[in-house]
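Structural overview
Take a look at the letters that make up each chain.
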Amino acid sequence: MTNKKLQETALVCFSGGQDSTTCLYWALSRFESVQAVSFVYGQKHALEVEVARRIAERAQVPFEVLDLSLLSQLTDNALTNPAMKMDEEQPAGSYPNTFVPGRNMIFLTFAAVLAFQRGIRHLVAGVSQADFSGYPDCRDTFIRSLNVSLNLAMDTSFEIHTPLMRLDKEGVWALSDELGVFDVVRYETLTCYNGIPGEGCGHCPACNLRRHGLERYLSRKKRTE
């Protein structure tokens, strides 16, 4: 990446998955300093936090975990309820049962509080409305709205960066390759809703999106070589 780095610090909402890992390295390419924060919220795939910790250590990025387990007490969904069978396709006219209401709003709000205490004004999140599984809190309009609300609430000038907002998973793979971390993202991240690192379980919604995007990207890359 040839862009001149901004001489400020960015705080990345970091789960150790494909999207947030790509965002972590995107931030490293653009900011003088980067920190990462992960969240425990009662998720079945809590191994993601340890995966995130390892990747942050590899990238030499300070890493912190916040306990937001109250979230799992407020909503019943397939990511926090072990007894609930996960939707493998989005039900017609409804959200998939992997939707955790308010999750991104809560994550970004707590990240903003942490950033405020540290004098950080740049927040980075790996949300995308191109491949967003029907989750309303991944849309650009929501992020813009929350950005305004956080600035008003804390009388500051946060800027929420969403480098993947217009990218589908093929585009995310391409960006990770451009950043020089394609293999890290492919083999060391944890995207799978069933908590299996790397290629994952192969059939949950997250794995399906990831695999189809990878297949498209590798096919396109092969045609251009």
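This text goes with the structure placed above it.
These notes cover the structure that comes with them. Computed from a prediction, not measured in an experiment: that's the story for all the values here.

Inspection of every chain in the model, using the stated rule, returns six aromatic pairs. When the centroid spacing of 4.2 Å and the interplanar angle of 10° are considered together, the rings of phenylalanine 39 and phenylalanine 107 count as stacked. Of this pair, phenylalanine 39 sits in strand β2 (residues 31-40) while phenylalanine 107 sits in helix α4 (residues 103-118), and the two are 68 residues apart along the sequence. Like phenylalanine 39, the residue phenylalanine 107 is buried in the burial classification. One aromatic cluster is present, formed by Phe39, Tyr41 and Phe107 through successive ring pairs. Over the ring of phenylalanine 182 we find lysine 221, and its NZ or CZ is 5.9 Å from the ring centre.

In this section: the environment of valine 148. Secondary-structure assignment places valine 148 in helix α5 (residues 140-154). With relative accessibility at 48%, the residue valine 148 sits in the partly exposed group.

Let's shift gears to the nonpolar core. Ranked by internal contacts, the top residues of the largest apolar core, which has 38 residues, are Leu11, Phe39 and Leu123. Of all the secondary structure elements, the ones that give two or more residues to this core are β1 (6-13), β2, α4, α5 and α8 (205-224). Here the element with the most residues in this core is α4; it accounts for six residues. Beyond its immediate sequence surroundings of up to four residues, phenylalanine 39 is in contact with Cys13, Glu48, Val49, Leu66, Leu68, Phe107, Phe110 and Ala111. Membership of the second largest hydrophobic core comes to 33 residues, among which are Phe31, Val124, Val172 and Tyr217.

So, how was this worked out
Residues numbered from 1 in each chain as written. Predicted model: local features only at pLDDT ≥ 70, side-chain atom pairs only at ≥ 80, totals over all residues. Heavy atoms only, no water. Phe/Tyr/Trp six-rings, centres within 6.5 Å; stacked < 30°, edge-to-face > 60°. Helix = DSSP H or I, 4+ residues; strand = E, 2+ residues; numbered from the N terminus. Buried < 20%, exposed > 50% of the residue type's maximum accessible area, 1.4 Å probe, protein only. Lys NZ or Arg CZ within 6 Å of the ring centre and 35° of its normal. Core = buried A, V, L, I, M, F, W, Y, C linked by side-chain atoms within 4.5 Å. Contact = heavy atoms within 4.5 Å.

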